[in-house]
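# Fold and contact review
So the chains spell out like this:
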Amino acid sequence: MASSSGIACGNTKIVYPTGIHKATIVWLHDIGQKGLDSTQFVRKLNLPNVKWICPVAPKRPVTSWGGIETTAWCDVTGISENMEDDLVSLNSISAFVISLLRDEPENVMIGIGGIGLGAAVALYLATIYITGRKIRNLSFIVGINGWLPAWRNLLHNLSFDYGSPSLAPSVSILLTHGTSDDIVPFPFGRKSSDTLRMAGFPVTFIPNEGDHLPIVPQVINDVRLWITTKLQP
């Protein structure tokens with residue numbers, strides 16, 4: 001299914017709140033996953049006041065997978081601090097995510113989160129938000145075992161005066177990363193956290209005793225508690 005941004009994504013799945021609708025969160029899956037993986041995960045969080053929007057990435061050849069075609073938000077050449085980022089696809093998918101949120105009620109909080117590559121896209125969205133991309137009511141970002149794409153660009157942009165106060169302090173970020181992650185190196189996850197903090201974001205970074213996948217129960221508990229605190233008046 002082609003989106004308004006021209007991206008051929010699969011069918012977006014929605015998990016509706018069972019209580020008062022306080023927040024809408026777009027949840028982005030990892031490489032090779034689908035919307036069902038996202039809905040299964042967010043249901044484990046058991047957050048009755050959250051509407052979850054779970055899109056499916058388009059299929060594309062992924063360099064780090066030897067060119068195999070699979071669901072991926074962008075190409076990934078190899079995950080490291082010196083990796084080459086697929087900025088064209090990251091910008092396109094960012095526009096797609098923003099379009100998913102345009103009809104949400106004005107009185108609800110907006111969040112974006114994900115796992116692995118999905119977390120990377122969520123963090124990229126945070127960085128373009130503070131440089132002028134409009135995402136109404138963006139309040140928080142959640143990233144599990146992810147990284148910050150184009151982190152050097154963010155550090156470079158910190159030297160510019162945009163003529164208005166930074167929006168970074170208004171967007172809280174939770175990052176949790178497996179100390180045994182063999183896909184996204186733990187030190188890169190921590191460096192991403194440090195870079196975002198330097199940019200002015202309030203960042204909570206929680207190491208967990210897991211691998212890249214599956215997600216360990218500690219992470220589910222940490223994410224649930226953190227989002228719950230954000231939904232308090």
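Residues numbered from 1 in each chain as written. Predicted model: local features only at pLDDT ≥ 70, side-chain atom pairs only at ≥ 80, totals over all residues. Heavy atoms only, no water.

### Considering the packing of aromatic side chains
Per the stated rule, a full pass over the model turns up four aromatic pairs. Here the aromatic rings of Phe186 and Phe205 are separated by 5.7 Å at their centres, their planes lie at 55°, and the arrangement is tilted. On the criterion of sequence distance, the pair formed by Phe186 in helix α5 (residues 186-198) and Phe205 in strand β9 (residues 203-208) is long-range, its members being 19 residues apart. By the burial criterion, Phe186 is buried, and Phe205 matches it. An aromatic cluster is defined as three or more aromatic residues linked by ring pairs; in this entry it consists of Trp27, Phe41 and Trp52. (Phe/Tyr/Trp six-rings, centres within 6.5 Å; stacked < 30°, edge-to-face > 60°. Helix = DSSP H or I, 4+ residues; strand = E, 2+ residues; numbered from the N terminus. Buried < 20%, exposed > 50% of the residue type's maximum accessible area, 1.4 Å probe, protein only.)

### Side note on unusual backbone geometry
In the segment running from Leu213 into Pro214, the intervening peptide bond is cis, with an omega of 0°. Checked against the element boundaries, Pro214 lands in the loop between β9 and α6 (217-230). Of note in the backbone geometry, Asn137 takes a positive phi value of approximately 65° without being a glycine. Following the sequence through the fold, Asn137 ends up in the loop between α3 (117-129) and β7 (138-144). Although it is not a glycine, Asn145 adopts a positive phi angle of roughly 50°.

### Focus: α6
The first and last C-alpha atoms of α6 sit 20 Å apart over 14 residues, in line with the 20 Å expected at 1.5 Å per residue. Each element contacted by the buried residues of α6 is listed here: β2 (23-28), α1 (35-45), β3 (50-56), β7, β8 (172-178) and β9. (Expected span 1.5 Å × (residues − 1). Contact = heavy atoms within 4.5 Å.)

### Some points on the pattern of salt bridges
Should their charged atoms come close, side chains of opposite charge can pair. Counting across every chain of the model gives two salt bridges. Arg197 is the salt-bridge partner of Asp194, the closest N and O atoms lying 3.4 Å from each other. Remark: Arg197 and Asp194 occur in helix α5; sequence separation between them is three residues, near one turn of the helix. Accessibility expressed as a relative area gives 39% for Arg197, which makes it partly exposed. (Salt bridge = Lys/Arg side-chain N within 4 Å of Asp/Glu carboxyl O.)

### Here's the deal with the side chain of Thr71
Relative to the helices and strands, Thr71 is located in strand β5 (residues 68-71). Among the residues examined, Thr71 registers a relative accessible area of 4% and is labelled buried. For Thr71, the side chain forms a polar contact with the main-chain oxygen of Gln33, separated by 2.6 Å. Setting aside its immediate chain neighbours within four residues, Thr71 contacts His29, Asp30, Ile31, Gly32, Gln33, Val56, Ala57, Pro58 and Lys59. (Polar contact = N/O pair within 3.5 Å; in protein donor to acceptor, adjacent residues only side chain to side chain.)

### Observations concerning empty space enclosed by the protein
Inspection of the entire model under this criterion finds two cavities of 30 Å³ or more. Considered as a void within the structure, the largest cavity measures approximately 50 Å³ in volume. Around the largest cavity, the lining residues are Cys74, Asp75, Val76, Met83, Asp85, Asp86, Leu90, Leu117, Ala120, Trp147 and Pro149. Of the residues in the lining of the largest cavity, the class split is eight nonpolar, no polar and three charged. In terms of lining, the second largest cavity is formed by Leu123, Gly143, Asn145, Gly146, Trp147, Leu175, Thr176, His177, Gly189, Ser192 and Phe205. No other element matches β8, which puts three residues into the lining of the second largest cavity. (1 Å grid on protein atoms, 1.4 Å probe; cavity = no way out; pocket = protein on both sides within 12 Å on 5 of 7 lines; lining within 4 Å. Points joined across faces, edges and corners; volume = space filled by probe spheres on them. Nonpolar A, V, L, I, M, F, W, Y, C, P; charged D, E, K, R; others polar.)

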